Amino acid sequence: MIRGIFIGILSIAVIGSGYWGYKEHQEKNAVLIQAENNYQRAFHDLTYRVDQLHDRIGATLAMNSKQSLSPALADVWRITSEAQSDVGQLPLTLLPFNKTEELLAGISDFTYRAAVRDLEKEPLTDEEYKKLKTMYTKSEDIQNELRNVQHLVIENNLRWMDVELALASGQKQADNTIIDGFKTVEKNVEAYSESDFGASFTSMNKTGEGFDKLEGKEISKETAIKIAKTFVQNKVTDLKVTENGEGSSFGFYSVSMHDKENNTDIDMDLTKKGGHPVYLVQNRDIKENVISLNEASNNAREFLNDHGFEDLDLFESAQYDNIGVFSFVSIVDGVRIYPDSIRMKVALDDGQVIGLSARDYLAAHKKREIPKPNISKEEAAKRLNPSLEVQQDRLAIIINELGQEVLCYEFLGTINADTYRIFIDAENGMEEKIEKLKNPEPIFQEV
Amino acid sequence: MKNMRIMLMVAVVTFTSVTFQFFSIHVPEAHAFSEQTIQRGATGSDVIELQSRLQYNGYYHGTIDGVYGWSTYWAVRNFQHMFGLDEVDGLVGQKTKDMLRNSTKFYKDFVYKQINEGKKFTHYGGVPLAQQTAPSEQQIQKARQIAEQRKQQREQKYKAQAKEQQAQQNQQAQQKQQEQQKQQAQQNQQEQQKQQAQQNQQEQQKQQAQQNQQAQQKQQAQQNQQAQQKQQAQQNQQEQQKQQAQQNQQAQQKQQAQQNQQEQQKQQAQQNQQAQQKQQAQQNQEAQNKATQNKEQKESTAVNLPGGYSQNDIQLMSNAVYGESRGEPYIGQVAVAAVILNRVNSATFPNTVAGVIFEPRAFTAVADGQIWLTPNEQAKKAVLDAINGFDPTEGAIYYFNPDTATSSWIWGRPQIKRIGKHIFCE
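Sequence order as written defines the numbering, with residues in each chain counted from 1. All chains are assigned letters beginning with A, and all ligands numbers beginning with 1, in the order in which they are written. Reporting of local features is limited, given that this is a predicted model, to residues whose pLDDT is at least 70; pairs of side-chain atoms are given and counted only at 80 or more, and all residues count toward the totals for whole chains, interfaces and linings. Only hydrogens and water are set aside; all other atoms, that is, all heavy atoms of the structure, feed into the side-chain values.

The name that an unreviewed UniProt entry assigns to chain B is Spore cortex-lytic enzyme, with the source organism given as Metabacillus elymi. Regarding chain B, the relevant UniProt record gives this comment under Sequence similarities (unreviewed entry): "Belongs to the SleB family." UniProt positions are given in the numbering used here, feature names are shortened, and annotations may be inferred rather than shown by experiment.

Naming follows an unreviewed UniProt entry, where chain A appears as Germination protein YpeB of Metabacillus elymi.

This brings us to the overall build of chain A. Looking only at helices and strands, one finds 10 helices and 13 strands in chain A. Only protein chains enter the area calculation, which uses a 1.4 Å probe; residues under 20% of their type maximum are buried, those over 50% are exposed, and those in between are partly exposed. In chain A, which comprises 447 residues, the share counted as buried stands at 52%. Across chain A, every contact between residues at least 6 apart in sequence was considered, and the portion connecting residues at least 24 apart equals 62%. Method for areas: the Shrake-Rupley scheme with a 1.4 Å probe, in which residue coverage is limited to the protein chains shown. Counting every atom, chain A has about 21600 Å² of accessible surface; 51% of that belongs to carbon and sulfur. Helix and strand definitions follow DSSP, with helices as H or I runs of at least four residues and strands as E runs of at least two, each counted in order from the N terminus. The contact rule is simple, with two residues in contact once any of their heavy atoms fall within 4.5 Å.

Right, let's get into the overall build of chain B. A tally of regular secondary structure across chain B gives 16 helices and four strands. Buried positions account for 48% of the 426 residues belonging to chain B. In chain B, 61% of the contacts between residues at least 6 apart in sequence involve partners at least 24 apart. Accessible surface, chain B: about 22400 Å² in total, of which carbon and sulfur atoms supply 46%.

Residue and element names in this part refer to chain B. With 13 residues, helix H3 (residues 70–82) should reach 18 Å at 1.5 Å per residue; the first-to-last C-alpha distance of 18 Å fits that figure. Within H3 the residues assigned to the buried category are Trp70, Thr72, Tyr73, Trp74, Ala75, Val76, Arg77, Phe79 and Gln80. One or two steps after H3, the chain reaches glycine 84, where phi turns positive at roughly 60°. Each helix should span, by expectation, one fewer than its residue count multiplied by 1.5 Å.

For salt bridges, the criterion is a side-chain nitrogen of Lys or Arg within 4 Å of an Asp or Glu carboxyl oxygen. This structure, assessed with the given rule, holds 25 salt bridges over all chains. Ionic pairing is found between arginine 284 of chain A and aspartate 350 of chain A, a salt bridge with its closest N-O pair at 2.9 Å. Of this pair, arginine 284 of chain A sits in the loop between strand E4 (277–282) and helix H8 (293–306) while aspartate 350 of chain A sits in the loop between strand E7 (335–347) and strand E8 (353–357), and the two are 66 residues apart along the sequence. Residue classification places arginine 284 of chain A among the buried positions, given a relative accessible area of 5%. Arginine 53 of chain B serves as the salt-bridge partner of glutamate 49 of chain B, at 2.9 Å between the closest nitrogen and oxygen. You can see glutamate 49 of chain B and its partner arginine 53 of chain B sitting in helix H2 (residues 45–56), four residues apart, about one turn around the helix. Classification of glutamate 49 of chain B by relative accessible area gives buried; the value is 4%.

Residue and element names in this part refer to chain B. Two strands pair if DSSP finds at least two bridges between them. Strand order in the open sheet formed by three strands is E2-E4-E3, with antiparallel pairing between adjacent strands. Where the open sheet ends on each side, the last strands, each with one partner, are strand E2 (398–400) and strand E3 (415–419). For this sheet, the mean angle separating the axes of adjacent strands, direction not counted, is 25°. Set on the sheet, helix H12 (residues 330–345) makes contact with E2, E3 and strand E4 (422–425); between it and E4 the angle comes to about 30°. Angles shown run from 0 to 180 degrees and are taken between the N-to-C directions of axes, each axis being a line fitted to C-alpha atoms and, for helices, limited to the stretch in contact.

Right, let's get into the nonpolar core. Of all hydrophobic cores here, the largest spans 112 residues; its most connected members are Phe326 and Met344 of chain A together with Leu54, Met317 and Ile357 of chain B. In terms of residue count, H12 of chain B provides more of this core than any other element does, 11 residues in total. Those residues within four positions of isoleucine 357 of chain B in sequence are excluded, and the remaining contacts are Leu316, Met317, Ala320, Ile340, Phe363, Val366 and Ile371 of chain B. Counting 54 residues, the second-largest nonpolar core is a separate cluster that includes Leu69, Val76, Ile107 and Tyr136 of chain A. We define the nonpolar core as a collection of buried residues of types Ala, Val, Leu, Ile, Met, Phe, Trp, Tyr and Cys that are connected through side-chain atoms lying within 4.5 Å of one another.

A separate point is the environment of tyrosine 330 of chain B. Residue and element names in this part refer to chain B. As for its placement among the helices and strands, tyrosine 330 is situated in helix H12. A relative accessible area of 10% places tyrosine 330 in the buried class. Between the C-alpha atoms of tyrosine 330 and glycine 420, which are 90 residues apart in sequence, the distance is 9.4 Å. For this analysis, a polar contact is any N or O atom pair within 3.5 Å, provided that within protein one partner can donate a hydrogen and the other can accept it, and provided that sequence-adjacent residues contribute only side-chain to side-chain pairs. Polar side-chain contacts of tyrosine 330 include one of 2.5 Å to the side chain of aspartate 385.

Once that is clear, we can look at the packing of aromatic side chains. Residue and element names in this part refer to chain B. The criterion for an aromatic pair is that two Phe, Tyr or Trp rings (for Trp, the six-membered ring) have centres within 6.5 Å, with stacked assigned to planes under 30 degrees apart, edge-to-face to planes over 60 apart and tilted to the rest. On inspection of all chains with the given rule, the structure shows 17 aromatic pairs over all chains. Each ring, one from tryptophan 70 and one from tyrosine 73, has its centre 5.7 Å from the other, and the planes form 90°; the classification is edge-to-face. With tryptophan 70 and tyrosine 73 both in helix H3 and three residues apart, this pair spans about one turn of that helix. Comparing tryptophan 70 with tyrosine 73, the two get one shared label, buried. A centroid spacing of 4.9 Å and a plane angle of 65° characterise the contact between phenylalanine 400 and tryptophan 411, whose relative ring orientation is edge-to-face.

This part takes up the interface of chain B and chain A. Counting from both sides, the interface comprises 69 residues of chain B and, opposite them, 73 residues of chain A. Buried area is understood as the total, over both parts, of accessible area removed when two parts are fitted together, assessed with a 1.4 Å probe. When residues of chain B are sorted by the area they lose upon contact with chain A, Trp70, Trp372 and Glu394 of chain B head the list and together hold 13% of the total. Seen at the junction of chain B and chain A, the total is four salt bridges. Where glutamate 394 of chain B meets arginine 359 of chain A, a salt bridge forms, and the shortest distance between an N and an O atom there is 2.7 Å. Connecting chain B to chain A are 24 residue pairs in polar contact (both at pLDDT 80 or more). Of all the secondary-structure elements, those providing two or more residues to the side of chain B that touches chain A are H3, strand E1 (302–303), helix H11 (311–325), H12, helix H13 (353–357), helix H14 (364–367), helix H15 (377–387) and E3 of chain B.

With that out of the way, let us pick up the environment of isoleucine 323 of chain A. All names here are of chain A. Note on placement: isoleucine 323 falls in strand E6 (residues 323–332). Note on isoleucine 323: relative accessible area 16%, which makes it buried. Placed 22 residues apart in sequence, isoleucine 323 and lysine 345 show a C-alpha to C-alpha distance of 6.7 Å. Beyond its immediate sequence surroundings of up to four residues, isoleucine 323 is in contact with Ile286, Ala318, Lys345, Val346, Leu348 and Ile354.

Moving on: the packing of H11 of chain B against H15 of chain B. All names here are of chain B. Running from amino to carboxyl end, H11 crosses H15 at an angle of 115°, the nearest separation of the two axes being 8 Å. By crossing handedness, the relation of H11 to H15 is classed as right-handed. Between H11 and H15, the contacting residues are Ile314, Gln315, Met317, Ser318, Val321 and Tyr322 on the first element and Ala379, Lys380, Val383, Leu384 and Ile387 on the second. The residue inventory of the contact of H11 with H15, partitioned by class, reads eight nonpolar, two polar and one charged. A crossing counts as left-handed when the near helix is turned anticlockwise from the far one by less than a right angle, and as right-handed when that turn is clockwise. Nonpolar residues are Ala, Val, Leu, Ile, Met, Phe, Trp, Tyr, Cys and Pro. Charged residues are Asp, Glu, Lys and Arg, and all others, Gly as well, are polar.

Turning to H8 of chain A, a few remarks are in order. Residues and elements named next belong to chain A. The end-to-end C-alpha distance of H8, which contains 14 residues, comes to 20 Å, matching closely the 20 Å that a straight helix rising 1.5 Å per residue would cover. Within H8, burial applies to Leu293, Asn294, Ala296, Ser297, Ala300, Phe303 and Leu304. On its buried face, H8 sits against strand E5 (312–320), E6, E7 and E8. Within two residues after H8, glycine 308 carries a phi angle of roughly 80°, on the positive side.

Exposure above 30% relative accessible area and the absence of a salt bridge qualify a residue for a patch, where like charges join within 9 Å and nonpolar side chains (Val, Leu, Ile, Met, Phe, Trp, Tyr) within 5 Å. On the surface, a cluster of nonpolar side chains totalling about 520 Å² of accessible area is made up of Met1, Ile2, Ile5 and Ile9 of chain A. Tracing the backbone shows methionine 1 of chain A in the segment before helix H1 (2–62).

The subject of this paragraph is the pairing of strand E3 (residues 264–271) of chain A. Residues and elements named next belong to chain A. Of all eight residues in E3, seven are buried, a share of seventy percent or more. Following strand E2 (residues 252–259), the chain reverses through four residues before pairing antiparallel with E3; asparagine 263 in that reversal takes a positive phi of roughly 50°. Remark: five residues form the turn of the hairpin made by E3 and E4, two consecutive strands paired antiparallel; glycine 274 in that turn has positive phi of roughly 85°.

Right, let's talk about the pairing of strand E10 (residues 405–415) of chain A for a bit. All names here are of chain A. The buried count for E10 comes to 10 of 11 residues, which makes it a mostly enclosed element. In the sheet, strand E9 (residues 389–399) pairs with E10 via 10 bridges, with the strands oriented antiparallel. Bridge pairing in E10 links alanine 396 to cysteine 408. Two successive antiparallel strands, E9 and E10, enclose a turn made up of five residues, where glycine 403 displays a positive phi of approximately 85°. As judged from the eight bridges shared by E10 and strand E11 (residues 418–425), these two strands associate in the antiparallel manner. Looking at E11, one finds that isoleucine 415 is bridged to aspartate 418. With antiparallel pairing between neighbouring strands as the criterion, E10 and E11 make up a hairpin whose turn holds two residues, including asparagine 416 at a positive phi of roughly 50°.

Here it is in structure tokens:
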């Protein structure tokens, strides 16, 4: 009897403590994951900020006017302090990380002082420009190293908590890549290539969510299907249409289709008003690369013409494995309208269009009166940084920081190996926008 | 009888291959661009050749990485401008290719060897290749200067010839307007030949050495090709050919030695070249051996990336997309990636990819560690599509799975559309 009770109590105790242990373990894991995620965020943010830093310092170097220099330096200062706070969140107490911190502190000091002083009266000296240039190259070194470590971290699933645990328990793991990786950051090796982050371009800034400039009548589901069919080159079956939900800022139909020949689904959205295509995407295997990027861009242009998108100019093209991706913008009287942009995706095996995104175009396209520029091209060119070698220029309409469309002179030029795109307002000669254009990024060596 | 036949076969094969080789030595450069018109953004072996040739004549100073980026674009445009091509558009079509081929050399094996080994290198003309592997900063500057000088000389020469050419054309244009174009083409060829001839005179010795090199390269290349195709008869041949090649080399070296005695001034340069020849021969052999072992040569060492994103960003996003929506249709994965990007652009969320992904309680896959599963190719493609501007969600910044969502708040959000298992909302 007593033995039975004893066994009962004991087994309850065992089960209870087992359950408690399990709960504890779960909680510990949850806390570990949360801490891990915080570290990961701080680290990936840091790499991003250093990328950004390098990029912004580069753009600052290309600037000329004092009005844009002060805010640009303030921006660099802001990014630096954000990066510093990221460093502060990392468990690096036991790791050497001085040089990066030193660089950040140096940039921070310099940019703060330069940004708050009146650059009209006291412009940057040659010495200071030199300093800015060394900061630019130094930040590139660190950027490359950080990227490399970041690549290792993602590739090998490295956890910061493992480092913490290892350090806490006193075991020094010699092959701990995170520790070793950060040590290499400190070595400050020579940069192995030019690479940068590139600011996001004009057309990436989403404007006017509503498609209020659209022309045409409301279409029915049946018409939507009919229109959708004209956008695919193969035969499609299983067409399904759904309407937008109530939360959408505009009316659209979503059409999904199945292409039997390629065994792939094709998805497309059409506006209810006028039945304009918002996007079209299909994902199919593209094994070999038969046609050239050039041919593919011609296909894309033809496709656009066939579907009533006219007066477009190719302005970006890039090859990703076996896919060509192109951006087109409107041309009116020889002026590029950057807000009116369309992206195209073309398969490089048979040259078929496999993607189209006309969202920006639909939102921004309208009949425009192009104003006459107020200042001449020569006058605008005088506003450029003297060390910029201008390679190309044209007139363009962009959306500025305030969200307004402005007519600008667009100058493409180089400083050393980097290419910059500089917009000078054709009305008043202001530097509207300066960007460092992206160079190809080296593929990370498998380590 | 049977022996006789085999003997006869062997004899015929030997004869044909030797004669084939004899003729092929005189064929001008075998490496050439493919048919395609190369445009900005392209990647692959054509771009490697383009960059190498543009570096050879001093127009391109970047890394030879097989991606037609901005610096390559300016190099092409400047080249087109200086050599009077009709359209300065950065498109590398037949005319530009011909012009490049006639005015530059491309040491394909050298370039690919360096690329495959991941070495830093340059490809400037007029500088011994041995100096171009893992060059120091000073060497690069020096090589660059040499190439720039050659570039200027060539440009001057070309302009002078272009003037002559124009004068002739004007006369002829009056007589025969209809056949003008054909004649132009012919004249171009002739002028180019003249140009080459002049260069030959100037750089006689260098070119001799280089031709020897090329001949040797080709011989070896053919040996290897044949080695792959035919097995038996060929070993004998190879030995014969090697002997021949060695004899050739020895003969050349003797000749050069004699020349050295005669021309004491240029002794050093030639010795360098000889050393270079040997080295190159060895390098070629190694490279070719490697190439036969694993046929995959790297097509490029860099990648195009959409503005504003690094490879690591894409990797991180693919992890998140895969953790959140594996098993969903492709379009649903693009949609999840688009939501991440919409959040980065939105004022109410962090403005970095990492900030958005690791925001506490934002994504379940992050909270339970599923983000560290290895993503598949499809997730990466979906991320690329989203970054390239495809947004199936029409601007959504939230989404949830109606079967598992526990928060009543999320149901209150204005819904935009449903894709697969997820409802996307404002």
